[in-house]
Amino acid sequence: MSPHADHPAAEVHVPAPGGGRLWAERRGSGSPVVLLHGSGMDSRLWDAVVPELSRHHEVIRYDARGLGRSGAPERAFDDVEDLGAVLDHFGLRSAALVGLSMGGETALDFALAHPGRVAALGLVGASVSGHDWPPSPETTAYTEARRRGDAAALAELELSVWAAMGRTAPGGELIAAMVEENAARRIVSEHHLAGAPARAAESVLGTVTAPTLVVHGDRDHPEIAAIAERLAAGIPGARGHLVPGADHYLPLRTPERLTELLLAHLA
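Note that this is a predicted model, so its numbers are computed, not measured.

K.L.:
Explanation requested: the overall build of the protein in the structure shown.
P.N.:
For the protein, the count of helices and strands is 9 helices and 8 strands. Against the globule reference of 18 Å for 267 residues, the protein gives a C-alpha radius of gyration of 17 Å, in line with a compact fold. By its C-alpha atoms, the protein is 50 × 40 × 40 Å across when sized along the principal axes. Counting over 267 residues, the protein shows a buried share of 53%. Total accessible area computed for the protein in this model is approximately 11,000 Å², and 54% of it derives from carbon and sulfur atoms. Computed over 23 positive and 34 negative side-chain charges, the inter-centroid distance for the protein is 4 Å.

K.L.:
Could you clarify how one ought to interpret the pattern of salt bridges in this entry?
P.N.:
Between side chains of opposite charge, a pair can form when the charged atoms approach closely. A complete count under the given rule lists 17 salt bridges for this structure. A salt bridge links Arg147 to Glu144, with the shortest nitrogen-to-oxygen separation between them at 2.6 Å. Of the two residues, Arg147 and Glu144 both sit in helix H4 (residues 137-148), 3 residues apart, roughly one turn of that helix. Residue Arg147 is classed as exposed on the basis of its relative accessible area, which comes to 61%. Classification of Glu144 as partly exposed rests on a relative accessible area of 29%. Here Arg253 makes a salt bridge to Asp247, at a shortest N to O gap of 3.0 Å. A residue is classified by how much of its surface remains accessible, and Arg253, at 4% relative accessible area, is buried. For Asp247, a relative accessible area of 1% puts it in the buried group.

K.L.:
In this structure, what is going on with the pairing of strand S4 (residues 58-62)? I would like to understand it.
P.N.:
Within a regular beta strand, the side chains point alternately toward one face of the sheet and then the other, so they alternate between its two faces. Most of S4 is tucked away, with 5 of its 5 residues classed as buried. Of the two faces of S4, the one holding Glu58, Ile60 and Tyr62 and the one holding Val59 and Arg61 are both buried throughout. Where strand S2 (residues 21-27) lies against S4, 4 bridges are found, and the strand directions are antiparallel. Paired with Arg27 across the two strands is Val59, which belongs to S4. When strand S3 (residues 32-36) meets S4, the two strands line up parallel, connected through 4 bridges. Looking at the pairing, Leu35 lines up with Arg61 of S4.

K.L.:
Looking at this structure, I do not really get unusual backbone geometry. What am I missing?
P.N.:
Backbone phi values are negative for most residues with the exception of glycine, while trans is the configuration of most peptide bonds. You will see that Ser101, though not glycine, has its phi angle at about 55 degrees, which is positive. For Ser101, a relative accessible area of 11% translates into the label buried.

K.L.:
Explain helix H9 (residues 255-266) to me, please; I cannot follow it from the model alone.
P.N.:
Three- or four-residue spacings in an α-helix give side chains the same orientation, since the helix completes a turn every 3.6 residues. For H9, with 12 residues, the first-to-last C-alpha span of 16 Å sits near the 16 Å given by 1.5 Å per residue. Taken together, the buried positions of H9 are occupied by Pro255, Leu258, Thr259, Leu261, Leu262, Leu263, His265 and Leu266.

K.L.:
So what exactly am I meant to see when it comes to helix H7 (residues 222-234) here?
P.N.:
Here H7 is 13 residues long and its end C-alpha atoms lie 18 Å apart, about the 18 Å a rise of 1.5 Å per residue gives. On the buried face of H7, the contacting elements are helix H3 (102-113), strand S6 (118-124), helix H5 (151-162) and strand S7 (212-217).

K.L.:
So what exactly am I meant to see when it comes to the sheet that holds strand S1 (residues 10-15) here?
P.N.:
Working definition: the strands of a sheet are paired by backbone hydrogen bonds and lie parallel or antiparallel to each other. Pairing in this open sheet of 8 strands is mixed, and the strands run S1-S2-S4-S3-S5-S6-S7-S8 from one edge to the other. One side of each edge strand has no neighbouring strand; the edge strands of this open sheet are S1 and strand S8 (239-243). Here the strands of the sheet are splayed against their neighbours by 20 degrees on average, with no regard to which way each runs. In the sheet, S6 pairs with S7 via 4 bridges, with the strands oriented parallel. Along S7, the bridge assignment pairs Leu123 with Val214. Against the sheet, H7 engages S6, S7 and S8, with an angle of about 160 degrees to S7.

K.L.:
So what exactly am I meant to see when it comes to the packing of H4 against H5 here?
P.N.:
Each pair of packed helices can be described by the angle between their axes along with the distance between the axes. Axis separation between H4 and H5 bottoms out at 9 Å; the angle between their running directions is 155 degrees. It follows from the interaxial angle that H4 and H5 lie roughly antiparallel. The way H4 lies across H5 gives a crossing that is left-handed. Residues Glu138, Ala141, Tyr142, Ala145, Arg146 and Arg148 of H4 lie in contact with H5, whose contacting residues are Ala153, Leu154, Leu157, Glu158, Val161 and Trp162. Its residues placed into classes, the contact of H4 with H5 shows 8 nonpolar, no polar and 4 charged.

K.L.:
When you look at the side chain of Asp78 in this model, what are you seeing that I'm missing?
P.N.:
Counting through the fold element by element, Asp78 comes out in the loop between S4 and helix H2 (79-89). For Asp78, a relative accessible area of 11% corresponds to the buried category.

Cut-offs used in this document
- Residues numbered from 1 in each chain as written.
- Predicted model: local features only at pLDDT ≥ 70, side-chain atom pairs only at ≥ 80, totals over all residues.
- Heavy atoms only, no water.
- Helix = DSSP H or I, 4+ residues; strand = E, 2+ residues; numbered from the N terminus.
- Rg over C-alpha atoms; globule rule 2.2 N^0.38 Å.
- Buried < 20%, exposed > 50% of the residue type's maximum accessible area, 1.4 Å probe, protein only.
- Areas by Shrake-Rupley, 256 points an atom, 1.4 Å probe, with all protein chains shown as cover.
- Lys, Arg positive; Asp, Glu negative; His and termini not counted.
- Charge placed at Lys NZ, Arg CZ, Asp CG, Glu CD.
- Salt bridge = Lys/Arg side-chain N within 4 Å of Asp/Glu carboxyl O.
- Pairing = 2+ DSSP bridges.
- Expected span 1.5 Å × (residues − 1).
- Contact = heavy atoms within 4.5 Å.
- Axes fitted to C-alpha atoms, helices over the stretch in contact; angles between N-to-C directions.
- Parallel < 35°, antiparallel > 145°, perpendicular 65-115°, else oblique.
- Left-handed = near helix turned anticlockwise from the far one by under 90°.
- Nonpolar A, V, L, I, M, F, W, Y, C, P; charged D, E, K, R; others polar.

The following block contains the structure:
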């Protein structure tokens with residue numbers, strides 16, 4: 001695909017369902033791609049991917065409710081409905097969706113609910129609704145930190161479990177900043193999160209119609225690897241890729257390789 005002329009980034013605030021605003025950015029031109037980040041992060045996750053991706057596509061990224069530059073929720077909200085509001089705001093009947101972790105879960109749930117609106121899926125270190133996470137000391141510690149509202153403990157857990165390659169690896173300082181700045185806001189946001197418990201995407205993967213790319217890093221959590229295998233096997237025609245030298249924060253650890261995979265998938 002030939003690259004398009006550079007288009008400056010435009011920042012907007014999208015009205016969120018039920019009130020509030022979602023920070024979003026649109027950049028580039030071509031077929032549209034929406035980038036979704038994971039829980040406890042914000043759209044800076046995609047900083048190293050957007051410049052090259054937006055040379056070939058119209059790229060939209062946004063901060064999920066209560067995170068980054070988006071407003072805190074005051075009532076129950078649904079990430080799938082928020083994604084629909086972002087597509088509607090930009091006048092997109094359909095788009096490719098690329099999501100990491102919780103963002104991948106949201107993208108997949110949206111594709112199941114609105115198959116005609118999803119041109120392609122990129123699931124990066126994705127979680128999936130309805131997945132039964134095995135009990136472990138870290139999941140117990142997460143639950144306890146959330147119960148206490150202990151943002152510092154939550155951030156420390158996030159970095160030790162999910163950013164295992166540390167601050168000195170590529171993207172490390174930005175990862176730490178995102179996690180630490182969003183920890184307290186994440187606790188508030190997750191308290192209002194609705195919709196997800198009722199879904200079980202894992203049981204209906206065979207009905208996904210969008211061309212799907214499944215990517216995860218070789219240093220990611222073992223359960224993410226198990227989910228990636230299940231997604232690649234269960235979604236018709238899905239292609240799976242293991243990326244070396246990346247933990248859960250793959251778009252900041254190995255942005256060139258991820259961008260290469262995405263451009264090939266979206267071409």
